[in-house]
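# A look at the structure
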Amino acid sequence: MGNLTFSSNWVCGTVSNRAVSGVSLNLILLFAIRRFTKTSVGSYKYLLTAFASYDIFLSVLHAAVKPRPIIIGSIFGVTSLSEDRRITSVYCACFTVPFALMIIHFLYRFWSIRYPHLIALFSNKRFVAAISTYPVLQFVEWYMFAYYGTTGEGPEIGKVILSEESARRFEKGVQEGWLIFNYWENGVFQPKPFLTMIGVDIVMVVSFSVAIALGARTFYHIRSADTISTQFHILQWKLFVAVCAQTFVPLVFVYIPYAVLINAAFFGLPVLSIDDAFMVLTSCFPAWDAVVIILLMADYRDGLLGMFRKKKTTMTEPTWKSVSTVAPPSSAITSVA
């Protein structure tokens with residue numbers, strides 16, 4: 001138990017550092033998007049701007065809310081320092097929005113290679129407003145799952161167990177604000193958390209399926225394209241690799257931990273310290289999201305590195321000028337002699 005308490009304190013103590021990293025890296029990415037995006041990228045830069053801006057929001061949100069997930073036996077619960085179920089539900093819903101944005105990202109990539117004439121719609125305000133309803137509806141859906149599909153408002157044995165465990169793990173025990181999945185209360189099967197678990201699993205499977213379908217069709221059309229220039233073909237491959245890598249980040253740092261936490265308690269799976277690791281993964285997600293884009297987008301990577309190289313060259317230039325003007329004219333040497 002001592003090691004568990006130590007790991008929890010370490011996790012909580014470094015949340016602020018990861019929030020600063022997430023905000024800083026995404027601000028750098030926003031600068032790179034504004035400064036180094038080429039015209040060939042087109043309106044795709046607005047999607048990248050939306051991702052970076054939202055990641056800044058998530059970094060601040062995680063640092064402010066400080067979620068506390070705990071699994072004990074067949075009970076899984078998550079709360080926050082606010083001890084308010086609504087705030088915890090908003091937090092959980094907010095971290096699912098990036099995957100909805102990722103599906104829009106895949107749609108953009110698919111249209112750019114298969115239906116390029118439709119790309120202009122992403123510059124249309126009405127279309128942007130319409131397609132923005134998808135991540136909004138995803139947020140509402142996950143909020144409903146979190147707030148209305150769990151227990152924790154009134155007195156129950158699960159809340160007592162989770163509160164006592166939070167007092168052992170953290171410096172301060174949390175009494176209220178719990179979103180609880182107690183699948184077997186007093187040995188009796190509880191249908192409400194089970195149905196919520198099934199609903200969450202269905203939403204995640206459908207989201208994955210849509211992303212995979214769009215990704216597979218995009219891959220097929222890029223590979224079989226023979227009427228586009230070589231330069232545009234290379235650009236499409238680079239952007240496709242970038243969106244696949246960017247999809248991998250929320251999958252590993254958010255969706256898989258969500259699925260494991262919600263399902264592990266029902267199936268009685270050994271969780272080890274996955275509930276503690278959850279806080280680390282979700283708080284690292286915004287920073288890694290920015291790192292992936294900066295590293296894979298050559299224009300941004302080279303542009304940012306070029307700023308440091310240029311600065312170094314500028315700093316050394318006066319030295320060469322001073323050396324070239326040190327030698328006095330030959331007449332002066334003769335007079336001295």
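Structure report, in brief. Quantities reported herein were computed from a predicted structural model and do not represent experimental measurements.

Reading guide: rules and limits
- Residues numbered from 1 in each chain as written.
- Predicted model: local features only at pLDDT ≥ 70, side-chain atom pairs only at ≥ 80, totals over all residues.
- Heavy atoms only, no water.
- Helix = DSSP H or I, 4+ residues; strand = E, 2+ residues; numbered from the N terminus.
- Buried < 20%, exposed > 50% of the residue type's maximum accessible area, 1.4 Å probe, protein only.
- Contact = heavy atoms within 4.5 Å.
- Areas by Shrake-Rupley, 256 points an atom, 1.4 Å probe, with all protein chains shown as cover.
- Phe/Tyr/Trp six-rings, centres within 6.5 Å; stacked < 30°, edge-to-face > 60°.
- Lys NZ or Arg CZ within 6 Å of the ring centre and 35° of its normal.
- Pairing = 2+ DSSP bridges.
- Axes fitted to C-alpha atoms, helices over the stretch in contact; angles between N-to-C directions.
- Patch = residues over 30% accessible without salt bridge, like charges linked within 9 Å, V, L, I, M, F, W, Y side chains within 5 Å.
- Salt bridge = Lys/Arg side-chain N within 4 Å of Asp/Glu carboxyl O.
- Left-handed = near helix turned anticlockwise from the far one by under 90°.
- Nonpolar A, V, L, I, M, F, W, Y, C, P; charged D, E, K, R; others polar.

With that settled, the discussion passes to the overall build of the chain. Each helix and strand counted, the chain has 13 helices and five strands in total. Within the span of the chain, comprising 337 residues, buried residues form 47% of the whole. Taking as baseline every contact in the chain between residues at least 6 positions apart, the subset at least 24 positions apart corresponds to 78%. Here the chain has roughly 17300 Å² of accessible surface; of this, 68% comes from carbon and sulfur atoms.

Let us look at the packing of aromatic side chains. The final tally for this structure, using the stated rule, is 30 aromatic pairs. Pairing F95 with F285 gives two aromatic rings, centres 6.4 Å apart and planes at 55°, and the pair type is tilted. On the criterion of sequence distance, the pair formed by F95 in the loop between α4 (85-94) and α5 (97-114) and F285 in helix α11 (residues 274-296) is long-range, its members being 190 residues apart. Take F95: its relative accessible area is 1%, and that puts it in the buried class. Judged by centre distance (5.3 Å) and plane angle (75°), the rings of F122 and F127 are edge-to-face. For the residue pair F122 and F127, the accessibility class agrees, reading buried in each case. The cationic tip of R85 hangs over the ring face of Y147; the distance from NZ or CZ to the ring centre is 4.9 Å.

So, about the pairing of strand β3 (residues 179-182). The side-chain alternation of β3 yields two buried faces, one formed by L179 and F181 and the other by I180 and N182. Where strand β2 (residues 75-80) and β3 come together, four bridges link them in antiparallel fashion. Each bridged residue has a counterpart across the sheet, and for F76 the counterpart in β3 is F181.

This brings us to the sheet that holds β2. Strand order across the open sheet formed by three strands is β1-β2-β3, with antiparallel pairing between neighbours. On the outer flanks of this sheet lie β1 (67-72) and β3, each paired with one strand and no other. Looking at each pair of strands side by side, their axes are set apart by 10° on average, direction ignored. Lying over the sheet, α4 contacts β1, β2 and β3, oriented at roughly 100° with respect to β2.

Another aspect to go through is a nonpolar patch on the surface. Residues V136, V140, M144 and Y148 make up a contiguous nonpolar surface patch of roughly 380 Å² in combined accessible area. By the element assignment, M144 lies in helix α7 (residues 133-148).

A few words on unusual backbone geometry. For K66, which is not glycine, the phi dihedral falls at a positive 55°. At E83, a residue that is not glycine, the phi angle is positive and equals roughly 55°. With respect to the helices and strands, E83 occurs in the loop between β2 and α4. For E83, a relative accessible area of 25% puts it in the partly exposed group.

A word on the pattern of salt bridges. Under the definition given, this model contains six salt bridges. As a salt-bridge pair, E165 and R168 come within 2.7 Å of each other at their nearest N and O atoms. Taken together, the residues span about one helical turn, with E165 and R168 both in helix α8 (residues 157-169) at a distance of three residues. Residue classification places E165 among the buried positions, given a relative accessible area of 7%. The closest approach of N and O atoms between D302 and R301, which form a salt bridge, is 3.6 Å. Here D302 falls in the partly exposed class, since its relative accessible area comes to 42%. A residue is classified by how much of its surface remains accessible, and R301, at 30% relative accessible area, is partly exposed. Counted as one network, the salt bridges with shared partners bring together E165, R168 and R169.

Bringing the pairing of β2 into the picture now. β2 sits mainly inside the fold: six of its six residues count as buried. Taking every second residue as pointing to the same face, both faces of β2 are buried, with I75, G77 and T79 on one and F76, V78 and S80 on the other. In textbook terms, the turn of a hairpin is the stretch between consecutive antiparallel strands, and for β1 and β2 this stretch comprises two residues, one of which, G73, has a positive phi near 60°.

This part covers the packing of helix α3 (residues 44-65) against α4. Orientation of α3 relative to α4, taken along the N-to-C sense of each, is 150°, at an axis distance of 11 Å. Like other packed secondary-structure pairs, α3 and α4 cross with a definite hand, here left-handed. Contacts from Y54, F57, L58, L61, H62 and V65 in α3 reach I87, Y91 and C94 in α4. Grouping the constituent residues of the contact of α3 with α4 by class yields eight nonpolar, one polar and no charged.

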